[in-house]
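# Tertiary structure, described
Residue-level listing of the chains:
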Amino acid sequence: MPTPAPLIELKSIEKIFLTDELETHALAKVSFEIRPGDYVAISGPSGCGKSTLLAILGLLDSPTGGRYELRGESVGRLGYAQRARVRNREIGFIFQSFNLIGDLTVWENVALPLTYRGLDFAERHERVDEALAKVGMTARAKHYPQQLSGGQQQRVAVARALGGRPSILLADEPTGNLDSKNGDAVMGLLCELHADGATICLVTHDPNYARDAQRTIHMLDGQIITGV
Amino acid sequence: MAAFLNDLRIALHALIHKPGFTCVAAATLALGIGLTSAMFAVVEGVLLTPPPYPSPERVVCLSAGKEDQPYEGRCPVKTWVAWHDEAHCFESIAPYWWSFEYLIREDGSQFIQGLDVTTNYFGLIGVKPLLGQTFSPSLGIMRSDSIAGFSEIILGYDLWQKTFKGDPHIIGQAIHISRIDEPLTVIGVMPPGLRFLPADNNNNEPNFDVNAPVDYWRPVMVRESKLKYEQCDVIGRLRPGVTSSQAQAELAVIAGRHARAEGVSGGVKVKTGSLMTLLNREGRRLLLPLLGAVALLFLIACGNVAGLLLARGLRQQREYAVRCALGAGRAQLFSAAIAEPLLLALFGGLIGSGLAVAIVKIIKMISGFAIPRLDMVTVGWPVIGAAFGLAFLAAILAGALPALRACQSDPASAMSSGGRSGSIGRAQRRLLAAAAVVQIVLTVVLLIGAGLLLGTVANLARLNPGFNTKNILTLSVTPMEDDFMGFHKRALERVSALPGVEKAAFAWGVPFTGNKWTGLFTVEGQSDDKPANKTIVSERAITPGYFDALKMHLVIGRDFRASDTWDNWANKAIPAPGDTQFVGIINQTMARQRFGNASCIGKILYTQFFPKRPMKVIGVVEDMRSDSLAGNPGPEAYFCYWQVPAFTKHLLVKSASDPRALVAAVQHALHSVDPRVAVDHVKTLDQIRADSIAAQVFAMRLLAGFAAIGAVLALVGIYGVISLSVNSRNREIAIRMAVGAQRRDVLTLVLAESLKLIATGVTVGIAVALALGRVLRAYLFGVGPADPLTIISVSVLFVVIALFACYFPARRATRTDPVTALRCE
């Protein structure tokens, strides 16, 4: 069976932050690939550059140097609007603090990326219902986030990420704000999604959860030490 | 106390280190306090300052009239006599008559106005003379045919100061006044501040000014023979403890008994009214709505500062939580939180007091004739006290909520997420939004009010009154020489011959001055019972050329001629064979009312003036708005001045260019005919027209100013709320961006939120403005209180400007870094 083409390919990615006269190298010559169906974990101590790498992977930020290709297209130098469009279609985020919008219901939160994509109501409805069903939150569709437990909120966040049918799910410490029971449940959900074919990139400092991934990239001081 | 002083010290330190916040908050408060204090000063000076009489609340105006006749606010002298003799509710009751004369001087006589009073008048008002004495009670007040003592006069303080330079030896000096041959002896000078009492029936007199200081008092004797006919204005002083309604009931009984005894048909209406209320009718009508408007502005300012303080207080939650964690009780937290608002109020009060002084000066400058007795208005201690009272009220209003929130600080939660991020939640945002909505509501009310008045003034300004007001000079002229008619003829000749003068005419009843006679007319051959014959007609007397000067066109017939005069002046009321014809010109309205479509030229009318002398209609003139710009023309009749002269009247001079350049030449020409002639009230007809709408213009200017300030404050408030909302939703916006929102989506999100806020405020504001519309109804012309054009244009304009103010925080929101979404709270 031929090896599928890389979904994501990073080549010598650098990220330098300039503050006053201080130059901080957050990422230095980071290169690796993620192929469709991969489950990659990025781990390392605090301040090692995990989140910066995730921000660049998720097109939330641009690299200072190097090349970033998504589905073979260079996306590292895209303009603001193009990045937003690609982000909306190709990437699903799962954040540590869930990042649900308190003024919106569960259903509206899940529908949010689809609204920005301009899908009509019927299609949005179908996709949101499907995503909520997948995470077992259909019954809570009309609730507000503050009416849910942390674990439930994170499941909704997963549903929001899935609703857009993205190429890759980027999970940033998804268990960081959960107790172990809920954390395990969420990680179990990610495993199920991966088993169904989802491509997942997980940032975590918990080696137990990192072990769920097929591959773990270890980082230190903005560089990849092992796992490429 | 020491702890509170320490809180004040810390608050002062904090305010000094936040100069932007401090300046905006203090300036906003100062503006609100300054405007409110200034309006309070005006209201206090005009409406709340009583006449300088002891116990002024016990002085009431009395009137009586027949039940079936128009109520004029006066009373027959006979009724006063009955009340004077029989009423027990009063310490004293006195009649008075407004009068005017001229202080005869060789270099031009001077207009003076005063009161003719009975000898019990001064005892009633309870004011002692500054110099000399008042009229001796020994003169009696009625039923005397003696005229001894009636050659005395008491001077008002202002006249004494201005004309007699405050001469301390004025007592005993003789002065000459018009229409009285004998010199009058000055027996007293009254203290300052004594103004006229209400005398509504004199409103038609050319120089009547109820708000002016009284120049003189003369004793009047009520003769027995005239008791039945004369009318008078009456005041009474209630006995202590007697109410106005008790007194009114007693007076009604007395008046009714006398009416029945004399066989008067129908009942008698009796009314007692507070002197203050009657004097302040006009002022109250204008000032109370404006005070209401400025109160709205004060609330807007408070709302604005409350928003600022609330936002600041919310950001200080962590600080309060720390204090709480360190053991501060609720009272201590409240003290710490209220210290800043109190200091801001102190700064606002100080600056606001200074502003109030400046604003009062501006109000005096722009009010024109709109507000009576404005010279009484000063910014004294009561106003300064009011300013600081308002400042502390503002502190409580604006600072209480943040302070109360501080009291409820939860050290655990506040020190965690909320305290760390310094942002605010949905509930707080709603609170701030509600404050902004209230500001918008109040601003829209003010803007709609200002818009309606602006429309009114514009409508009045472009209204054609039916006559020309351009390049016309008017002067009030009263000759002192014996050859009365000769003076007028020579004066017209001299003035007409002046270079630059196109026309000159004398007129009694110049438009917009309120000056006119009124009376009933009957048409020869028609029944008196015909409804039109019961319509009051405005009467004016003019010399030939008046219509030309005012470019009024005769629809039919002819103008007056110099030959339209009397051959026999001594017997002008009763015609004799061969007399010159008494002629008159009527306006279109009167012609239509009395003669329908039939020609009226040559028809005979009878006036109340000369009921036995037939007046022949010789012409019909176009209608004009002569009483007020806002009023429709009513029936009017013009007499020829050479047949119906008046003691004091206006000279109208039509010039080719600016008529003010002619003032000196015209005055010189008049003095050359009669050196003692009184020439005063010099104005252009344009000025008179402008003065006639002074109340509307003043209200419009003030309300427009209030509305503009309110709008700026409200815009700052909306900007602040949206800015704070954007700041506190920074993370939410980042999340939206992270999941794919474009910048335009974020812009739309913030502007939609702003529009919701603005639309809510504008909608409620329109509803409130509609509900309050009747307050302004009396000042409107050509626009209704619910004028859709004004309401829509004001609302749309405000929405557009408000959205523009919101655009800046919205644009800032689009620059949110989506990476923020990755950061933990």
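Residues numbered from 1 in each chain as written. Chains lettered and ligands numbered in written order. Predicted model: local features only at pLDDT ≥ 70, side-chain atom pairs only at ≥ 80, totals over all residues.

Within chain B, the secondary structure is distributed over 22 helices and 23 strands. Taken over the C-alpha atoms alone, chain B extends approximately 115 × 60 × 55 Å along its principal axes. Evaluated residue by residue, chain B yields a buried proportion of 47% over its 825 residues. Within chain B, contacts between residues separated by at least 24 positions form 83% of all contacts whose residues are at least 6 apart in sequence. (Helix = DSSP H or I, 4+ residues; strand = E, 2+ residues; numbered from the N terminus. Buried ≥ 20, exposed ≤ 12 C-beta atoms within 10 Å, placed from the backbone. Contact = placed C-beta atoms within 7 Å.)

Moving on, we come to the overall build of chain A. If you tally the helices and strands in chain A, you get 7 helices and 10 strands. Rg of the C-alpha trace for chain A: 17 Å, near the compact-globule value of 17 Å for 228 residues, within the 12% margin. Principal axes of the C-alpha set define a box for chain A whose edges measure 50 × 50 × 35 Å. The burial tally for chain A puts 48% of its 228 residues in the buried class. Once local pairs closer than 6 in sequence are excluded, the contacts in chain A between residues at least 24 apart make up 70%. (Rg over C-alpha atoms; globule rule 2.2 N^0.38 Å.)

Attention now goes to the pairing of strand 4 (residues 65-70) of chain A. The two faces of the sheet receive side chains in turn, since in a regular strand these alternate between them. All names here are of chain A. Here 5 bridges tie strand 1 (residues 8-19) to strand 4, and the two strands are oriented antiparallel to one another. For K11, the partnering residue across the bridge sits in strand 4 and is R67. Pairing of strand 4 with strand 5 (residues 73-74) involves 2 bridges; the strand directions are antiparallel. Directly across from L70, in strand 5, lies its bridge partner E73. From the end of strand 4 to the start of strand 5, which pair antiparallel, there are 2 residues, and R71 there has a positive phi angle of about 55°. (Pairing = 2+ DSSP bridges.)

Time to look at helix 6 (residues 180-195) of chain A. Residues and elements named next belong to chain A. Look at helix 6: 22 Å from first C-alpha to last across 16 residues, which is about the 22 Å you get at 1.5 Å a residue. Residues of helix 6 that are buried: G183, V186, M187, L189, L190 and L193. Buried residues in helix 6, looked at end-on, bunch into an arc of 150°, giving them a common side. Opposite the buried face of helix 6, at more than 90 degrees from it, the exposed residues are S180, K181, G188, E192 and A195. Considering only its buried residues, helix 6 is in contact with helix 4 (121-135), helix 5 (150-163), strand 7 (168-172), strand 8 (200-203) and helix 7 (207-210). (Expected span 1.5 Å × (residues − 1). Arc of directions from axis to C-beta.)

Residue and element names in this part refer to chain B. Helix length check: helix 10 (residues 330-366), at 37 residues, gives a terminal C-alpha distance of 50 Å against a target of 54 Å (1.5 Å per residue), a fit within 8%. Of all the bends found along helix 10, the most pronounced is centred on I338 and spans about 30°, while P341, a proline, follows it within four residues. Phi turns positive one or two residues past the end of helix 10, at G368, with a value near 60°. (Bend = angle between axes of the 7 residues up to and from the residue.)

Residue and element names in this part refer to chain A. At a minimum axis distance of 9 Å, the contact between helix 5 and helix 6 shows a crossing angle of 20°. Accordingly, the angle class assigned to the pair helix 5 and helix 6 is roughly parallel. Our pair here, helix 5 against helix 6, has a crossing hand that is right-handed. Note on element contacts: helix 6 touches helix 5 through N182, A185, V186 and L189, opposite G150, G151, Q154, R155 and V158. (Axes fitted to C-alpha atoms, helices over the stretch in contact; angles between N-to-C directions. Parallel < 35°, antiparallel > 145°, perpendicular 65-115°, else oblique. Left-handed = near helix turned anticlockwise from the far one by under 90°.)

With that out of the way, let us pick up the sheet that holds strand 2 (residues 22-34) of chain A. Residues and elements named next belong to chain A. Strands sit in the order 2-1-4-5 across an open sheet of 4 strands; the sheet is antiparallel. Since the sheet does not close on itself, it has two edges, and those belong to strand 2 and strand 5, each with one partner. Of the strand pairs in this sheet, strand 1 and strand 2 are connected by 9 bridges, and their pairing is antiparallel. Looking at the pairing, T19 lines up with L22 of strand 2.

Turning our eyes to something else, we now look at the environment of G72 of chain A. Residue and element names in this part refer to chain A. As for its position among the elements, G72 is in the loop between strand 4 and strand 5. Judged by local crowding, G72 falls into the exposed class, with 9 C-beta atoms found within 10 Å. Measuring from C-alpha to C-alpha, the distance between G72 and P6 comes to 7.5 Å, with 66 residues separating the pair along the chain.

Another point: the interface of chain B and chain A. Between chain B and chain A, the residue contacts involve 18 residues of the former and 24 residues of the latter. Breaking the side of chain B that touches chain A down by element, the ones donating at least two residues are helix 20 (730-738) and helix 21 (743-777) of chain B. With 5 residues, helix 20 of chain B is the largest single contributor of residues to the side of chain B that touches chain A. In terms of residue class, the side of chain B that touches chain A is built from 10 nonpolar, 2 polar and 6 charged. (Nonpolar A, V, L, I, M, F, W, Y, C, P; charged D, E, K, R; others polar.)

So, about the nonpolar core. Residue and element names in this part refer to chain B. L29, V42, L297, L446 and I718 are the most contacted members of the largest nonpolar core, which has 194 residues in total. The greatest single-element share of this core, amounting to 20 residues, is contributed by helix 13 (residues 426-461). Those residues in contact with L29 that lie beyond four places of it in its chain are A301, V305, L344, A345, G348, G352, A391 and A394. Of all hydrophobic cores here, the second largest spans 116 residues; its members include W80, W217, A541 and L605. (Core = buried A, V, L, I, M, F, W, Y, C linked by C-beta atoms within 7 Å.)

Right, let's talk about the environment of T19 of chain A for a bit. Tracing the sequence through the fold places T19 of chain A in strand 1. Between the C-alpha atoms of T19 of chain A and G176 of chain A, which are 157 residues apart in sequence, the distance is 29 Å.

Backbone geometry at K29 of chain A places phi at a positive 50°, although glycine is not the residue there. As for its position among the elements, K29 of chain A is in strand 2. You will see that K165 of chain B, though not glycine, has its phi angle at about 55°, which is positive. On the secondary structure map, K165 of chain B appears in the loop between helix 5 (157-162) and strand 7 (174-175).

How two helices sit against one another is set out by the angle between their axes and by the gap between those axes. Residue and element names in this part refer to chain A. Interhelical geometry of helix 3 (residues 106-117) versus helix 4 gives an angle of 130° and a closest axis separation of 9 Å. In terms of axis orientation, helix 3 runs oblique to helix 4. Relative to helix 4, the crossing made by helix 3 is right-handed. Contacts between helix 3 and helix 4 pair W107, V110, A111, L114 and T115 from the former with R124, R127, V128, A131 and L132 from the latter. By residue class, the composition of the contact of helix 3 with helix 4 is 7 nonpolar, 1 polar and 2 charged.

A word on the sheet that holds strand 9 (residues 215-220) of chain A. All names here are of chain A. Across the sheet, which stays open at both edges, the 6 strands sit in the order 6-7-8-3-9-10 with mixed pairing between neighbours. Two strands close off the open sheet at either side, each with one partner strand: strand 6 (91-94) and strand 10 (223-226). Looking at each pair of strands side by side, their axes are set apart by 25° on average, direction ignored. Sheet topology note: the strand 3 (residues 39-43)/strand 8 ladder contains 4 bridges and is parallel. Bridge pairing in strand 8 links V40 to C201.

This paragraph deals with the environment of G150 of chain A. All names here are of chain A. Relative to the helices and strands, G150 is located in helix 5. A count of 16 C-beta atoms within 10 Å places G150 in the partly exposed class. For G150 and A139, which are 11 residues apart along the polypeptide, the C-alpha to C-alpha distance reads 16 Å. Excluding its chain neighbours within four sequence positions, the residues that come into contact with G150 are N177, L178 and N182.

Once that is clear, we can look at the pairing of strand 8 of chain A. All names here are of chain A. Along strand 8, one buried face is formed by I200 and L202 and the opposite face, lined by C201 and V203, is buried too. Inspection of the sheet shows strand 7 paired to strand 8 by 4 bridges, in the parallel sense. Bridge pairing in strand 8 links L170 to C201. The β-α-β motif built from strand 7, the intervening helix 6 and the parallel element strand 8 has right-handed crossover chirality. (Right-handed = clockwise from strand over helix to strand, strands pointing away.)

Residues and elements named next belong to chain B. The pLDDT averaged across chain B works out to 85; a share of 91% of its residues lies at or above 70. Across residues 143-148 the pLDDT falls below 50, and counting only partners more than four positions away or on other chains, this stretch makes 3 contacts in the model. Under the prediction, the complex receives an ipTM of 0.86, its pTM being 0.76. (pLDDT = per-residue confidence, 0-100.)

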